Every structure is written in C-alpha cells, then in structure tokens.
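Each chain, letter by letter, is given below.
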Amino acid sequence: QKEVEQDPGPLSVPEGAIVSLNCTYSNSAFQYFMWYRQYSRKGPELLMYTYSSGNKEDGRFTAQVDKSSKYISLFIRDSQPSDSATYLCALGRTGTASKLTFGTGTRLQVTL
Amino acid sequence: EAGVAQSPRYKIIEKRQSVAFWCNPISGHATLYWYQQILGQGPKLLIQFQNNGVVDDSQLPKDRFSAERLKGVDSTLKIQPAKLEDSAVYLCASGQGGTGELFFGEGSRLTVL
C-alpha cells in the first residue's frame, strides 16, 4: 500500500464548476499537508499549506484536512480554464516537514 | 526575485551514456532538493542538501547517481551509466528549511533510448 493515494484522473469539469480533489494517507506521522499545482512542462508550485485539521481558505481555493480519517481535500470554486493543471498533494512528517511525500497527482481539465 | 534555474531543459541520450544536470537555487535558500518525476507519478526525493552537506540521500541509487553542492549554492546531479528507467523529469527545488514550502525549477527532461 502506498503511503499517499491520489486518484490520477483525468477529471474534466465545465467552467464555473466546483472541483473536489482528494488524497488519503496511511501514516499518522504526517502532520503537514500541502497542495501543489503543476502546469504542463513546468515545475510544481505551492498552492496551499496546512498544519492541523480543519479548513484553510485562500480566494477560490479551500484546503481541508481530516486527520482522524487520514483524508485531505482541495476545493476549487468557480473553476476557470486557467485552473487546468495537475494537482499534487504533498505530506510532511514532524521534524522533517521539508521532506515531502507526494501523491501521484490528479489531472484537471476545465472546459469552456 | 529570480526563481530556481535548471539546465539543460531537455536531454536525449542512449543507455549506458552519462548525463549531468545543473541547478541554481533561489538566493539565500539553504536547502536544495533533487526530485525525480516519472511520467504519471508524483515527484520522488532523490537527495536533500542543507548548505553543502547531505541531509538525506536514502533514495538515491548510488551505484549510478551522484550529486554535489559545492560552496552551498549551485548543485549538479549526474547519472552514469544511464538506464532506460531513468527517463524522467529531474526537478530541482530550494527552500529555507524546516517547512514544506519548496520552490521548484522547471525541470530537466531526460529521455534514455
């Protein structure tokens, strides 16, 4: 079993839709939870960073962490074609937060 | 502020040949990482440097891969000899350490024939 599971998609939604992206993990040592966005032929860029359970909002993006279920989510409201990219969840452990374990990434396509 | 610079962007070699990738991190970032991203997969950490010392190289195939970070700034990643399964994008990232906020370069795409 992989430490971090993420549905690879692809996920296709119409412009304006609400998108839900998810990851599950198996190791309770993970305490830091991040979402990176990766455009085609580019490096990943940090989108959201959370440390504890609960929600964190930034514009159209909301990150949600449920440590009891070992489940993290990223919601995108009013999705735009410019949101078309691969979204990677990344998890870090206490004491080694910068050593990240990435999910496989979910490819999202927002259509006009 | 300049981002993480990597070169070359693309490289095609035959198996058993050697290749080297170069990375220049963001100025002032003490921590530097090399990740391998195979098509359809998430990045996998190969090696992590703190200044010019190695913090973690547990997933680096040391029989063929080597990396160095001279003077705590630029870094090179070398593969010798290359295998078909080394075809991937090699991502360099830097950070200020202690957090998961990494800044990635655009990557070096390697194709081994």
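It should be emphasised that the depicted structure is a prediction, and the values quoted were computed from it without experimental measurement.

S.K.: Describe the state of the cysteines, and please don't skip the residues or the numbers.
M.R.: Disulfides are covalent bonds that connect the sulfur atoms of two cysteines. Here the structure, examined in full by the defined rule, presents 2 disulfides over all chains. Disulfide pairing places Cys 23 of chain A opposite Cys 89 of chain A at an S-S distance of 2.0 Å. When the S-S torsion is -95 degrees, as for the bridge of Cys 23 of chain A with Cys 89 of chain A, the disulfide is left-handed. One end of the pair, Cys 23 of chain A, is in strand β3 (residues 19–25); the other, Cys 89 of chain A, is in strand β9 (residues 85–93), with 66 residues separating them in the sequence. Judged by relative accessible area, Cys 23 of chain A falls into the buried class, the value being 2%. Paired through a disulfide, Cys 23 of chain B and Cys 92 of chain B show a sulfur-sulfur distance of 1.9 Å. When the S-S torsion is -70 degrees, as for the bridge of Cys 23 of chain B with Cys 92 of chain B, the disulfide is left-handed. With Cys 23 of chain B in strand β3 (residues 19–24) and Cys 92 of chain B in strand β9 (residues 88–95), this pair connects stretches of sequence that are 69 residues apart. The burial state of Cys 23 of chain B is the same as that of Cys 92 of chain B; both residues are buried.

S.K.: Explain unusual backbone geometry to me, and be specific about the residues and the numbers.
M.R.: Cis geometry is adopted by the peptide bond preceding Pro 10 of chain A, which originates at Gly 9 of chain A and carries an omega value of 10 degrees. Summarising the element assignment, Pro 10 of chain A is placed in the loop between β1 (4–6) and β2 (11–14). Within the chain, Asp 78 of chain A stands out as a residue other than glycine whose phi angle is a positive 45 degrees. Topologically, Asp 78 of chain A is positioned in the loop between β8 (71–76) and β9. Of note, Asn 51 of chain B is a non-glycine position whose phi angle comes to about 55 degrees, a positive value. Mapped onto the elements of the fold, Asn 51 of chain B is located in the loop between β5 (44–50) and β6 (53–56). For Asn 51 of chain B, a relative accessible area of 40% corresponds to the partly exposed category.

S.K.: Tell me what's going on with the interface of chain A and chain B, and back it up with residues and numbers.
M.R.: Taken together, the 17 residues of chain A in the interface contact 23 residues of chain B. Regarding the contact of chain A and chain B, the summed buried area is about 1,600 Å², with carbon and sulfur atoms giving 50% of it. Considering only the side of chain A, the residues that lose the most area to chain B are Arg 41, Ser 98 and Lys 99 of chain A, jointly responsible for 36% of the buried surface there. At the junction of chain A and chain B, the tally comes to 2 salt bridges. Our enumeration of links across chain A and chain B arrives at 5 residue pairs in polar contact (both at pLDDT 80 or more). Secondary structure elements with two or more residues in the side of chain A that touches chain B: β4 (30–38), β5 (45–50) and β10 (96–102) of chain A. Among the elements that make up the side of chain A that touches chain B, the one with the highest residue count is β10 of chain A (5 residues). Grouping the constituent residues of the side of chain A that touches chain B by class yields 9 nonpolar, 5 polar and 3 charged.

Rules and cut-offs
- All residue numbers refer to positions counted from 1 along the written sequence of the respective chain.
- Chain A is the first chain written and ligand 1 is the first ligand written, with later ones labelled in order.
- Owing to the predicted nature of the model, reporting of local features is limited to residues with pLDDT of at least 70; listing and counting of side-chain atom pairs is limited to 80 or more, with chain, interface and lining totals taken over all residues.
- Water and hydrogen atoms play no part in the side-chain values, which are based on all heavy atoms of the structure.
- Only a pair of cysteine sulfur atoms within 2.5 Å counts as a disulfide in this structure description.
- A run of DSSP states H or I qualifies as a helix once it reaches four residues; a run of E qualifies as a strand once it reaches two. Both are numbered from the N-terminal end.
- Under the scheme applied here, a residue whose accessible area is under 20% of the maximum for its type counts as buried, over 50% as exposed, and between as partly exposed, the area being computed with a 1.4 Å probe on protein chains only.
- Between two residues, a contact is recorded if the distance between any of their heavy atoms is within 4.5 Å.
- The buried area of a pairing is the accessible area, by a 1.4 Å probe, that goes missing from both parts when the two are put together, added over both.
- Whenever a carboxyl oxygen of Asp or Glu lies within 4 Å of a side-chain nitrogen of Lys or Arg, that contact is scored as a salt bridge.
- Here a polar contact is recorded for every N or O atom pair within 3.5 Å, except that within protein the pair must consist of a potential hydrogen donor and a potential acceptor, and residues adjacent in sequence are included only if both atoms are side-chain atoms.
- Residues are sorted three ways: Asp, Glu, Lys and Arg are charged, Ala, Val, Leu, Ile, Met, Phe, Trp, Tyr, Cys and Pro are nonpolar, and all the rest, Gly among them, are polar.

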